[in-house]
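Structure assessment
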Amino acid sequence: MEPDTAMQATEAAKRAVMRTRMGARQFASVLGRTAELLEHSATLAEQHARRRERAGRDDAAAEERDAARRARETAVRARALAEEWLKMLEEREG
């Protein structure tokens, strides 16, 4: 391989690594924001459940509480994935 070709390949590889790291950071950020929104959704579902209970609609309240539980569980998974991606980045950059 000629020196210019080798240098171009090296630069292209560096750019690819940089783009991959940027993409991983953005993905982790999206997962973190998703977790926040899911937690907000769970809070709203709990509020709906309380209103439905006051209205005597216990079945509907139970459904809302189930939705809140699922949203919280999914938020936990999203946050764990975000942390995993960030940890992986730190290990590779360190």
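Figured I'd write up the structure that's included with this text. The numbering scheme is per chain: residues are counted from 1 as the chain's sequence reads. The predicted nature of this model means local features are confined to residues of pLDDT at least 70 and side-chain atom pairs, given and counted, to a pLDDT of 80 or more, with totals for whole chains, interfaces and linings taken over all residues. Side-chain descriptors were evaluated using all non-hydrogen atoms of the structure, hydrogens and water having been removed beforehand.

1. Quick look at the packing of helix α1 (residues 3–54) against helix α2 (residues 58–93)
Where α1 meets α2, the closest approach of the two axes is 7 Å, and the angle between their N-to-C directions is 165°. When the axis of α1 is compared with that of α2, the two are roughly antiparallel. Relative to α2, the crossing made by α1 is left-handed. Amino acids are sorted into nonpolar (Ala, Val, Leu, Ile, Met, Phe, Trp, Tyr, Cys and Pro), charged (Asp, Glu, Lys and Arg) and polar (every other residue, Gly among them). Taken together, the residues of the contact of α1 with α2 break down into 20 nonpolar, four polar and 15 charged. A fitted line through C-alpha atoms serves as each axis, taken over the contacting stretch for helices, and the angle formed by two N-to-C directions is quoted from 0 to 180°. What counts as a helix is a DSSP run of H or I of at least four residues, what counts as a strand is a run of E of at least two, and both are numbered from the N terminus. The labels follow the angle: roughly parallel below 35 degrees, roughly antiparallel above 145, roughly perpendicular from 65 to 115, and oblique for the rest. Should the near helix be turned anticlockwise from the far one by less than a right angle, the crossing is left-handed, and should it be turned clockwise, the crossing is right-handed.

2. Focus: the nonpolar core
Soluble globular proteins tend to bury their nonpolar side chains together. Joining through side-chain atoms within 4.5 Å is the link that ties buried Ala, Val, Leu, Ile, Met, Phe, Trp, Tyr and Cys residues into a set, and such a set is a nonpolar core. Here's how the labels work: a residue is buried when its accessible area is under 20% of the maximum for its type, exposed when over 50%, partly exposed in between, all with a 1.4 Å probe on protein chains only. The biggest cluster of nonpolar side chains holds six residues, and these are A28, L31, A35, A75, A78 and A82. Only α1 and α2 provide two or more residues apiece to this core. Only heavy atoms matter for contacts: two residues are in contact if any of them lie within 4.5 Å across the pair. When near neighbours in sequence (up to four residues on either side) are disregarded, A82 contacts A28, L31 and G32.

3. Some words on α2
The span you would expect from a helix comes to 1.5 Å times its residue count less one. Helix length check: α2, at 36 residues, gives a terminal C-alpha distance of 52 Å against a target of 52 Å (1.5 Å per residue), a fit within 8%. Within the sequence span of α2, burial applies to A60, A61, E64, A68, A71, A75, A78, A82 and L89.

4. Here's the deal with the pattern of salt bridges
Any Lys or Arg side-chain nitrogen found within 4 Å of a carboxyl oxygen on Asp or Glu counts as a salt bridge. In total, this model carries ten salt bridges according to the counting rule given. Residue E11 is joined to K14 by a salt bridge in which the shortest nitrogen-to-oxygen separation is 3.8 Å. Here E11 pairs with K14, and both are found in helix α1, just three residues apart, close to one helical turn. Residue class for E11 comes out partly exposed when judged on its relative accessible area of 36%. When the shortest N-O distance is used, the salt bridge between R70 and D66 registers 2.5 Å. Of this pair, R70 and D66 are both found in helix α2, four residues apart, which corresponds to roughly one turn of the helix.

5. Digging into the side chain of E46
On the secondary structure map, E46 appears in helix α1. Counting of polar contacts relies on pairs of N or O atoms within 3.5 Å, with two restrictions inside protein: one atom must be capable of donating a hydrogen and the other of accepting it, and residues adjacent in sequence are counted only when both atoms are side-chain atoms. One polar contact links E46 to R65, side chain to side chain, over a distance of 3.3 Å. With residues near it in sequence (within four places) discarded, E46 still touches R65, A68 and R72.

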